[in-house]
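Structural characterization, general
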Amino acid sequence: MDEYAISLKKTLTSLIRKMSAAPAPFVKNPEKDFTRKKKLPFETVMQLLISMGGNSLYKELLESQGYDVNTATTSAFVQQRNKILPSAVEFLFHEFTQSYTDIKDYRGYRLLAIDGSDLHIATDRADTDTYFQSQPNTKGYNLLHLNAAYDLCNRLYVDAIIQPRRLCNEGRALAAMVDRSPIQGKTIVTADRGYESYNNFAHMERKGWSYVIRVKDLDSNGILSGLHLPSGGAFDMDVHLTLTKKQTKEVKAHPEMYKFVPSTSTFDFLDLHENLFYPISFRVVRFVLPGGAYETVITNLSAADFPPDEIKSIYNMRWGIETLSGH
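What counts, and at which threshold
Residues numbered from 1 in each chain as written. Predicted model: local features only at pLDDT ≥ 70, side-chain atom pairs only at ≥ 80, totals over all residues. Heavy atoms only, no water. Helix = DSSP H or I, 4+ residues; strand = E, 2+ residues; numbered from the N terminus. Contact = heavy atoms within 4.5 Å. Areas by Shrake-Rupley, 256 points an atom, 1.4 Å probe, with all protein chains shown as cover. Lys, Arg positive; Asp, Glu negative; His and termini not counted. Charge placed at Lys NZ, Arg CZ, Asp CG, Glu CD. Expected span 1.5 Å × (residues − 1). Buried < 20%, exposed > 50% of the residue type's maximum accessible area, 1.4 Å probe, protein only. Core = buried A, V, L, I, M, F, W, Y, C linked by side-chain atoms within 4.5 Å. Pairing = 2+ DSSP bridges. 1 Å grid on protein atoms, 1.4 Å probe; cavity = no way out; pocket = protein on both sides within 12 Å on 5 of 7 lines; lining within 4 Å. Points joined across faces, edges and corners; volume = space filled by probe spheres on them. Nonpolar A, V, L, I, M, F, W, Y, C, P; charged D, E, K, R; others polar. Phe/Tyr/Trp six-rings, centres within 6.5 Å; stacked < 30°, edge-to-face > 60°. Lys NZ or Arg CZ within 6 Å of the ring centre and 35° of its normal.

**Side note on the overall build of the chain**
- Secondary structure assignment for the chain yields 9 helices and 10 strands.
- Expressed as lengths along the three principal axes of its C-alpha atoms, the size of the chain is roughly 75 × 50 × 45 Å.
- A sequence separation of at least 24 residues applies to 60% of the contacts in the chain between residues at least 6 apart.
- For the chain, the accessible surface area stands at approximately 18400 Å², while carbon and sulfur atoms represent 52% of it.
- Looking at the chain, you have 38 positive and 38 negative side-chain charges, and the mean spots of the two groups are 6 Å apart.

Structure (structure tokens):
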């Protein structure tokens, strides 16, 4: 193990030890849980939770205890694990991530990639928010949806939100991670088409952050379909809109200026009483990939500081492996 890995492990162990010294905020019954000495104290259970592989619980316990004959039983581990609140692992994650101070950047910006991924969990037919069944006579499965924020320059996860798969909302997750982030200063968020929404643009802009969001192309039913843009080719255009939930004659007469936000669409900064209009500006940058296909992004980075080739470079940092075969 190299020195860097050793220092990270030391930091993690130290944080768990601090939590173990005062576990009350992290357990279900602070007066009782982890107050007596047992084979599986708080510190051991936390270490096991974040280090276990894909073996059975008992094999993992045996390995962690060096195959000692006095290894705690699976039942004992489950009982101890159930005493710990999920927020304990979340707290550890954030404390550990924020302990990293040797921050690298991209032209003075933190560069964060937001993405989502489904996670298989133990099958539980009763958990209707996560349970799926393809056909009536087939075995079902359960899924969670992980939304994660990853710092590209520092190879560091800085936040995550887990949602039941049937209730997942990637836009809501992105807005929540942006709003609660402790990161200060210049930041660029990159995200894929699942995060394409005016609400997300507004949350990032109000945070003082920049963004480069890949969006559905011109012939789709995404944001671009409702804008006055060239019908094809590469372009870089500024768009200035006023979002509103009102449908007045003025709004209907000027679709190039106003964008009606229906009640079915989420936009947190509009209502029908006080906040009637929300001005928003961004660039639509469409460029050609080496294979001849086009991709389009929406960004609020200025064209003077970030011309199309620079936007394409940021795009390549985030999506190059997927779409450009490492180009």
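**Overview of helix H5 (residues 86-98)**
- For H5, spanning 13 residues, the distance from its first C-alpha to its last is 19 Å, which sits close to the expected 18 Å at 1.5 Å a residue.
- Residues of H5 that are buried include every one of Ala88, Leu92, His94 and Thr97, and no others.
- Packed against the buried residues of H5 are helix H1 (3-21), helix H2 (42-51), strand E4 (156-164) and helix H6 (170-180).

**Points about the nonpolar core**
- Formed by 41 residues in total, the largest nonpolar core has its most connected members in Tyr198, Leu227 and Phe282.
- The set of elements that each furnish at least two residues to this core consists of strand E1 (110-121), E4, H6, strand E5 (187-191), helix H7 (198-207), strand E6 (210-215), strand E7 (235-244) and strand E9 (277-288).
- Ignoring anything within four residues of it in the chain, the contact list for Phe282 reads Tyr198, Tyr211, Leu227, Met237, Asp238, Val239, Leu241, Ile298 and Thr299.
- Membership of the second largest hydrophobic core comes to 17 residues, among which are Leu15, Met19, Phe77 and Leu92.

**Digging into the pairing of E1**
- Relative to E5, E1 runs parallel, the two sharing 5 bridges. Across the sheet, the residue bridging to Ile114 is Ala191, located in E5.
- Pairing of E1 with strand E3 (residues 141-151) involves 10 bridges; the strand directions are antiparallel. Residue pairing across strands places Leu119 opposite Leu144, the latter belonging to E3.

**Remarks on the layout of surface pockets**
- What the largest pocket holds in volume is close to 720 Å³.
- Phe93, Phe96, Thr97, Leu156 and Tyr157 are, among the 27 residues lining the largest pocket, the residues nearest its centre.
- Per element, the largest residue contribution to the lining of the largest pocket is 7 residues, and it comes from H5.
- Each residue belonging to the lining of the largest pocket can be placed in one class, and the counts come to 16 nonpolar, 6 polar and 5 charged.
- In this structure, the second largest pocket spans a volume of roughly 520 Å³.
- For the second largest pocket, the lining is made up of 26 residues, of which Glu196, Ser197, Tyr198, Ser265 and Thr266 are closest to its centre.

**Concerning empty space enclosed by the protein**
- All told, the structure shown has 1 cavity of 30 Å³ or more when counted by the stated rule.
- What lines the largest cavity is Leu112, Ile114, Ala149, Val158, Asp159, Met177, Val178, Ser181, Pro182, Ile183 and Trp209.
- For the lining of the largest cavity, the secondary-structure elements that each account for two or more residues are E1, E4 and H6.
- Tallied by class, residues from the lining of the largest cavity come to 9 nonpolar, 1 polar and 1 charged.

**A closer look at the packing of aromatic side chains**
- What the rule picks out here adds up to 15 aromatic pairs.
- Judged by centre distance (6.2 Å) and plane angle (50 degrees), the rings of Tyr258 and Phe277 are tilted. Of the two residues, Tyr258 is situated in strand E8 (residues 258-260) and Phe277 in strand E9; the sequence distance between them amounts to 19 residues.
- Residues Phe269 and Tyr278 carry aromatic rings whose centres are separated by 5.9 Å and whose planes lie at 25 degrees to one another, so their mutual orientation is stacked. Like Phe269, the residue Tyr278 is buried in the burial classification.
- The ring centre of Phe34 lies 5.7 Å from the NZ or CZ of Lys83, which sits over that ring.
- Here the guanidinium or amino end of Arg166 rests over the ring plane of Phe132, the centre of that ring lying 4.0 Å away.

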